[in-house]
Amino acid sequence: MAIMDTFDYDDIQLIPSKCIIKSRHDADPSIQFGPHRFNIPVVPANMESVIDEPLAIWLAQNNYFYVMHRFQPENRLPFVQHMHSQDLFASISVGIKDAEYEFIDQLKAAGETPEYITIDVAHGHSDYVINMIQYIKENLPDAFVIAGNVATPEAVRDLENAGADATKVGVGPGKACITKLKTGFGTGGWQLAAVRLCGKAARKPIIADGGIRHNGDIAKSIRFGASMVMIGSMLAGHQESPGNMIKIDGKDYKQYWGSASEVQKGAYRNVEGKQMLVPFRGSIKDTLKEMEEDLQSSISYAGGKDLESIRKVDYVVVKNSIMNGD
Ligand SMILES: NC(=O)C1=CN([C@@H]2O[C@H](COP(=O)(O)OP(=O)(O)OC[C@H]3O[C@@H](n4cnc5c(N)ncnc54)[C@H](OP(=O)(O)O)[C@@H]3O)[C@@H](O)[C@H]2O)C=CC1
Ligand SMILES: Nc1nc2c(ncn2[C@@H]2O[C@H](COP(=O)(O)O)[C@@H](O)[C@H]2O)c(=O)[nH]1
């Protein structure tokens, strides 16, 4: 089967509806996601070059969603305990290898249920992911389980039916990704259309993961069915970001590396990611504030008062021409 009618973020413009608010301040861009309500539907990617413990603490304290990465596995139980000792929600990632089942056992034995657990693998449409969803639900029934990553409506339905509370959509659209080049597979170039297809099949929330290049792409993700948007490269260049700062010709950059890169894996085996530099952008607090303000504007253009109004707007397919005026 070939899916012919596809598009990506740059191919779409949303059409304004009559404004019903006096000020953009009156627009509410918050989102209920699992057991918490967050300021905006944005979550930094669960990558070692995007999030670390100090940033996770700041995000949780300030009402932003976060997902801690899984690349220092021994730190995860102390991390959950540390978050809970401060009355903050814990949100962690797991893989699907055998040792990860022992980690779920450890959490249970310690009496620590993270509020959110993300099953983070490249190809999430798999019985091994389904087994992990079921194991977490059996042993830590109060955890909100996010499973991914997937690219198809069938995958969304299979993971939801296995017990996932949300699914994460996006195989290969990431900035540090070379999956599409090395394997020929994925949603690179049609990520927004994949979000739309998956969103139509979903009965539970979906996270659009990868390919966000402008703040307006967040509103477009919401329009096409996402409840939350995961962002890597655009959130990796801040003073709070874990990557090293590099100066070239007087300009500051931060290192951003893929979770399946040689840098992350420590060996050139099954590499599907690269390391790159992203421009330094100052504090993440300012970037998140700007995203919030831009979403408030989006809600105003949608003719509503909250994110729900964005889901109803019409759109046009302009095929790669939204930058023509620049
Ligand atoms: N969103 C995306 O497009 C992508 C994201 N990533 C990120 O990179 C990190 C590493 O991912 P991943 O390689 O899944 O992690 P893991 O090394 O934990 O692999 C997951 C498990 O699935 C098995 N597996 C079977 N088929 C595949 C496949 N096609 N791709 C990957 N694993 C497979 C692996 O076995 P074995 O290793 O023996 O094959 C391994 O046991 C994750 O954080 C992931 O999110 C990576 C690529 C794409
Ligand atoms: N194919 C790969 N995808 C990766 C890798 N590391 C992370 N990712 C995915 O990218 C998004 C972030 O995308 P961005 O466009 O916002 O930068 C992240 O959440 C993962 O799903 C990798 O090594 N290879």
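Structure shown above.
As a starting point, this report considers the structure included with it. Predicted model only: the values in this text are computed from it and were never measured.

Moving on to the sheet that holds strand S13 (residues 275-279). The strand order across the open sheet formed by 3 strands is S11-S12-S13, and the pairing between neighbours is antiparallel. This sheet does not close on itself; its edge strands, each paired only once, are strand S11 (245-248) and S13. Strand-to-strand twist of the sheet, defined as the mean angle between neighbouring strand axes without regard to direction, takes the value 40°. Summarising the sheet, strand S12 (residues 251-257) and S13 pair through 5 bridges and their orientation is antiparallel. For Trp257, the partnering residue across the bridge sits in S13 and is Gln275.

Further remarks concern the environment of Met228. Take Met228: it is sitting in strand S10 (residues 228-231). A C-alpha to C-alpha distance of 8.3 Å links Met228 and Ile40, two positions 188 residues apart in sequence. When sequence neighbours within four positions are dropped, the list of residues in contact with Met228 reads Ile31, Phe33, Pro41, Val43, Phe65, Pro205 and Ile207.

We now examine unusual backbone geometry. Of note, the amide linkage connecting Gly148 to Asn149 takes the cis form, showing an omega dihedral of 5°. Tracing the backbone shows Asn149 in strand S7 (residues 144-150). Positive phi, close to 70°, is recorded for Asn63, a residue that is not glycine. Relative to the elements of secondary structure, Asn63 occurs in the loop between helix H1 (53-61) and helix H2 (76-85).

Our next topic: the packing of helix H5 (residues 153-162) against helix H7 (residues 191-201). With their axes 8 Å apart at the nearest point, H5 and H7 run at an angle of 40° to one another. With respect to their mutual orientation, H5 and H7 come out oblique. Judged by the sense of rotation from one axis to the other, the crossing of H5 with H7 is right-handed. Judged by residue contacts, Pro153, Val156 and Arg157 of H5 engage Leu197, Cys198, Lys200 and Ala201 from H7.

Counting buried positions along strand S6 (residues 116-120) gives 5 out of 5 residues, so the element sits mostly inside the fold. Taking every second residue as pointing to the same face, both faces of S6 are buried, with Tyr116, Thr118 and Asp120 on one and Ile117 and Ile119 on the other. Two strands pair when backbone bridges link them, and strand S5 (residues 91-94) and S6 are joined in this way by 4 bridges, in the parallel orientation. Note that in S6 the partner of Ser91 across the bridge is Tyr116. Handedness of the β-α-β unit built from S5, helix H3 (residues 98-110) and S6 comes out right-handed. Here S6 pairs with S7 via 5 bridges, running parallel. Among the inter-strand pairings, Asp120 is bridged to a residue of S7, identified as Gly148. Running through helix H4 (residues 127-139), the crossover from S6 to the neighbouring parallel element S7 is right-handed.

Conventions and cut-offs
Residues numbered from 1 in each chain as written. Chains lettered and ligands numbered in written order. Predicted model: local features only at pLDDT ≥ 70, side-chain atom pairs only at ≥ 80, totals over all residues. Pairing = 2+ DSSP bridges. Helix = DSSP H or I, 4+ residues; strand = E, 2+ residues; numbered from the N terminus. Axes fitted to C-alpha atoms, helices over the stretch in contact; angles between N-to-C directions. Contact = placed C-beta atoms within 7 Å. Parallel < 35°, antiparallel > 145°, perpendicular 65-115°, else oblique. Left-handed = near helix turned anticlockwise from the far one by under 90°. Buried ≥ 20, exposed ≤ 12 C-beta atoms within 10 Å, placed from the backbone. Right-handed = clockwise from strand over helix to strand, strands pointing away.

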